[in-house]
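# Breakdown of the fold
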Amino acid sequence: MFPPIFVWLFIATWITTIFASPIDRSLAPKNLLLPRAPTRPTLTGAPVPIGAGTYPRATRLRDGTIVAVYTAFQSGSNILLTARSTNNGATFTPLGEITRGASNANDIDNAYLLQLPTPSTRILCAFRNHSKDPVTGTYTFFRITITASDDGGKTWRYLSQPASDPGPVTGNWEPYLRTTSDGTNALQLYYSRENNAQDQDTLQRTSHDGGLSWSPATCISGCGLTARDGMTSIATINTNTNSKSLILVYETSSAATAGLFSVGAVFSADDGRTWSGRCTIYTASSPHTSAGAPQVINVGGTLVVSFMTNEDQRLQAPAGAYTETTAVKVVTSGDGGKTWGNKVTVGERQSSWPGLLDLGPAGGGGGARFLYLLERGGLGVRSQLMTLM
Ligand SMILES: *[C@@H]1O[C@H](CO)[C@@H](O)[C@H](O)[C@H]1NC(C)=O
């Protein structure tokens, strides 16, 4: 006698249940990375013009607008200009002016934008705001200044000066802003502090009042090393068990590398308070050449790093005319920053100072699209749409 069909079904279900759960558990690796976008970057469509200038950066406001910033050089002045895109970067239109200063007496550049957390709609811009002797060109004062816009990036006014040091050599450069994710909405400012020509450290200051006042500086990378760390950028790492939850990338050079730059990283498991695990993530592929000026973003779980490099030149030591011979490229990591690959050239020779913006799920690319901003010598600042495939 065979048991009735419902008894077989019961037995089958029971067997499936008792065997399925231990098998499922054993298949789940301890360091499983969360689902992520693909890792192969591809250029999507033609580059989009933004304006005449250099050092482009961009941020996405919560209403979906993209605001870009860059340094223009017009009528003997350095000018920080903003541009806006309301179509995910398909086109940009001029928006506003942050500040300007006569180029012989001011070195205004290196702008970085961040919108404050809700309910504020304010946008901050951090930039280098140095004074020079108009006759000799010697730096008399180095500053990182913060300005604020309450109308979406059109008009701006002075907010604070988190770093301010006399010249002529110990500079403050390349500010980067982020909001902590611990619920306190603290702001972290990162910038590069020159100790001497061979030695520069990444410093951090914190603000609990939206960028009005700042803590004393703490050293984040390059501390105690004779290495020139700079061009800081930070992204989150999507993992569930990996404790390295933030990555900070920088360019660095040392006496040992004969002043040539490579791209390095440190990691933080405590929302940016402490950093460790110093490592190299990209070294130029040919002798006497550099790879530097990195930025990093998280695109749907895949880490994307942009950089400029003259590695395609065949140079005899010492390497000269670095920024006239650089291309801009990108590498990605699908394992939270442990390994890097999929290198692609985004801007040919005479491209420089790249910036990155994740387009996010709202970008129409399912969380796999981003903008690559660059200066293309003679052709101005432009944005290249990229897709991870
Ligand atoms: C740049 O620094 C100078 C000197 O402190 C300051 O007067 C000026 O307001 C700053 N620029 C902006 C746009 O805030």
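Quick note: structure is the one above.
Scope of this entry: the structure provided in the associated data block. (Residues numbered from 1 in each chain as written. Predicted model: local features only at pLDDT ≥ 70, side-chain atom pairs only at ≥ 80, totals over all residues.)

## Looking at the pairing of strand 25 (residues 380–388)
Rules: Neighbour counting defines burial: a residue surrounded by 20 or more other C-beta atoms within 10 Å of its own C-beta is buried, one with 12 or fewer is exposed, and intermediate counts give partly exposed, using backbone-placed C-beta atoms. Comment: elements are numbered from the N terminus, with helices defined as DSSP H or I runs of at least four residues and strands as E runs of at least two. Strand pairing follows a simple DSSP-based rule, namely that at least 2 bridges must link the two strands.
Counting buried positions along strand 25 yields eight of nine residues, so the element is predominantly enclosed. Pairing analysis gives three bridges linking strand 1 (residues 41–43) to strand 25, with the strands arranged antiparallel. For P41, the partnering residue across the bridge sits in strand 25 and is L388. Where strand 2 (residues 48–51) and strand 25 come together, three bridges link them in antiparallel fashion.

## Comments concerning the sheet that holds strand 8 (residues 123–132)
Here is the rule we go by: Only the contacting stretch of a helix is used when fitting its axis, a line to C-alpha atoms as for every element, and angles between N-to-C directions run 0 to 180 degrees.
Strand order in this open sheet of four strands is 7-8-9-10, and the pairing throughout is antiparallel. Every other strand in the sheet has two partners, leaving strand 7 (106–115) and strand 10 (157–166) as the edge strands with one partner each. Strand-to-strand twist in this sheet, taken as the mean axis angle between neighbours without regard to direction, amounts to 20°. Sheet analysis places strand 8 next to strand 9 (residues 139–149), joined by eight bridges and oriented antiparallel. Following the sheet pairing, S131 is matched in strand 9 by F141.

## Let's talk about the site of the ligand
Threshold: Residues are classed as near a molecule or strand if the C-beta position derived from their backbone is within 6 Å of it. For this classification, Asp, Glu, Lys and Arg are treated as charged, while Ala, Val, Leu, Ile, Met, Phe, Trp, Tyr, Cys and Pro are nonpolar and the rest, including Gly, are polar.
Taken together, T99, N129, R143, T145, T147, Y158 and Q161 make up the full set of residues adjacent to the ligand. Contributing elements (two or more residues each) for the shell around the ligand: strand 9 and strand 10. For the shell around the ligand, the element with the highest residue contribution is strand 9, accounting for three residues. Residues that form the shell around the ligand fall into these classes: one nonpolar, five polar and one charged.

## Structural notes on the environment of L187
Counted only if it meets this: The contact criterion used here is simple: two residues whose C-beta atoms, placed from the backbone, lie within 7 Å are in contact.
By the element assignment, L187 lies in strand 12 (residues 187–196). Residues L187 and G210 lie 23 residues apart in sequence; the distance between their C-alpha atoms is 6.7 Å. Setting aside anything within four residues of it in sequence, one finds L187 in contact with L177, T179, T206, S207, G210 and G211.

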